[in-house]
Amino acid sequence: MSAAPILLFGAGGQLGRELSALAAERGIPLVGLTRTEGDITNAAAVAAALQAHRPALVVNAAAYTAVDRAESDTLAAYAVNAEGPAILAEATAAAGVPLLHISTDYVFDGSKPGPYLESDAVTPLGVYGASKAEGEASLRALQPRHVILRTAWVYGIHGANFLKTMLRLAGERDVLRVVADQRGCPTATRDLAEAILAVHAALLAGAEPWGTYHFAGQGETSWHGFAEAIVEAQARFSGRRPVVEAITTADYPLPARRPANSVLDSSRFAATFGYRARPWQERVNEVVASLMAQRVS
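Only a predicted model underlies this, so the values are computations on that prediction, with no experimental measurement involved.

### Considerations on the overall build of the protein
Stage number 1. Looking only at helices and strands, the protein features nine helices and twelve strands.
Stage number 2. Radius of gyration (C-alpha) of the protein: 19 Å, near the 19 Å computed for a compact globule of 297 residues.
Stage number 3. Its C-alpha atoms give the protein principal-axis dimensions of roughly 55 × 40 × 35 Å.
Stage number 4. A buried classification covers 51% of the 297 residues belonging to the protein.
Stage number 5. A fraction of 82% describes how many contacts in the protein between residues 6 or more apart in sequence connect residues 24 or more apart.
Stage number 6. For the protein, the computed accessible surface area is about 12800 Å², with 53% contributed by carbon and sulfur atoms.
Stage number 7. Distance from the positive charge centre (26 side chains) to the negative charge centre (29 side chains) of the protein: 4 Å.

### Concerning the sheet that holds strand β3 (residues 57–60)
Stage number 1. Pairing in this open sheet of six strands is parallel, and the strands run β2-β1-β3-β4-β5-β10 from one edge to the other. Each edge of the sheet is formed by a strand with only one pairing partner; in this case those strands are β2 (30–33) and β10 (211–214). The sheet shows a mean angle of 20 degrees between the axes of neighbouring strands, direction not considered.
Stage number 2. Both β3 and strand β4 (residues 99–104) contribute to a ladder of three bridges, which runs parallel. Considered in β4, the bridge of valine 58 is made with leucine 99.
Stage number 3. Most of the contacts of helix α2 (residues 43–53) go to strand β1 (residues 6–9), to which it runs at about 155 degrees, and overall it touches β1, β2 and β3.
Stage number 4. Strand contacts of helix α4 (residues 127–142): β4, β5 (146–151) and β10, with the helix running at about 155 degrees to β4, the strand carrying the most contacts.

### Here we look at the side chain of histidine 101
Stage number 1. In this structure, histidine 101 sits in strand β4.
Stage number 2. Overall, the relative accessible area of 1% leaves histidine 101 in the buried class.
Stage number 3. A polar contact of 3.0 Å, which involves the side chain of histidine 101, links it to the side chain of asparagine 60.

What counts as what
- Residues numbered from 1 in each chain as written.
- Predicted model: local features only at pLDDT ≥ 70, side-chain atom pairs only at ≥ 80, totals over all residues.
- Heavy atoms only, no water.
- Helix = DSSP H or I, 4+ residues; strand = E, 2+ residues; numbered from the N terminus.
- Rg over C-alpha atoms; globule rule 2.2 N^0.38 Å.
- Buried < 20%, exposed > 50% of the residue type's maximum accessible area, 1.4 Å probe, protein only.
- Contact = heavy atoms within 4.5 Å.
- Areas by Shrake-Rupley, 256 points an atom, 1.4 Å probe, with all protein chains shown as cover.
- Lys, Arg positive; Asp, Glu negative; His and termini not counted.
- Charge placed at Lys NZ, Arg CZ, Asp CG, Glu CD.
- Pairing = 2+ DSSP bridges.
- Axes fitted to C-alpha atoms, helices over the stretch in contact; angles between N-to-C directions.
- Polar contact = N/O pair within 3.5 Å; in protein donor to acceptor, adjacent residues only side chain to side chain.

Listed below in structure tokens is the structure:
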């Protein structure tokens, strides 16, 4: 009899695609459902997927992540980020299957001077963060066997993300103006996928590590510092070195307020699951090299 799979919701997103590829590489059975194949806001669809695949673990990587659009598209943000996780929590609890849910640094307001711990008070600044905080609360209320992974500044080879935007702009512009007064830990989808598989391995070994954990890239920087590293990494391939000019949040107003400090302390995850993300600069170099190689081919 084959091993019960991981059932992944949100398989079409940047993290979902990375996790699907890594599981395949490792020979770990995984069934990935895109939004059309498994809509987490549809209770009947979720129940049917659980019945059909009888998973060992459900991973929710589905989310509404358009932070600025969420301010005016509140119902859609809450449907995916709050109601969807509640539906998953109820369904997985009823089926006796643990649930791993991806959350965000945006549940915090960024006013803390140092790195955020799992025990720090949740005080979101906008609709996106508030909807994600409500999703977390639903898991805690409805599904005792849950792992919530809060992460931040996610990028990788798939989907749309800050690194890919900077890579495109570095090819088009001679000056890039990037915010320097928000700090965080850039997190590669590869590291996040590794973290999810580390949780899966712990569960298979009989651990019961239920609760909330922070998992982000190793080291911290500003968006400006992140952009500088991306530009430097692509210059080795393109020869182009646009100037990365530091600006303030006030210089670049957006509909949603951002936390000034998004730095997450990931030591609890490392102590529990034995995996720590690689230094963010190393992963940036890897991802840029991979994307530049794709352009050439």
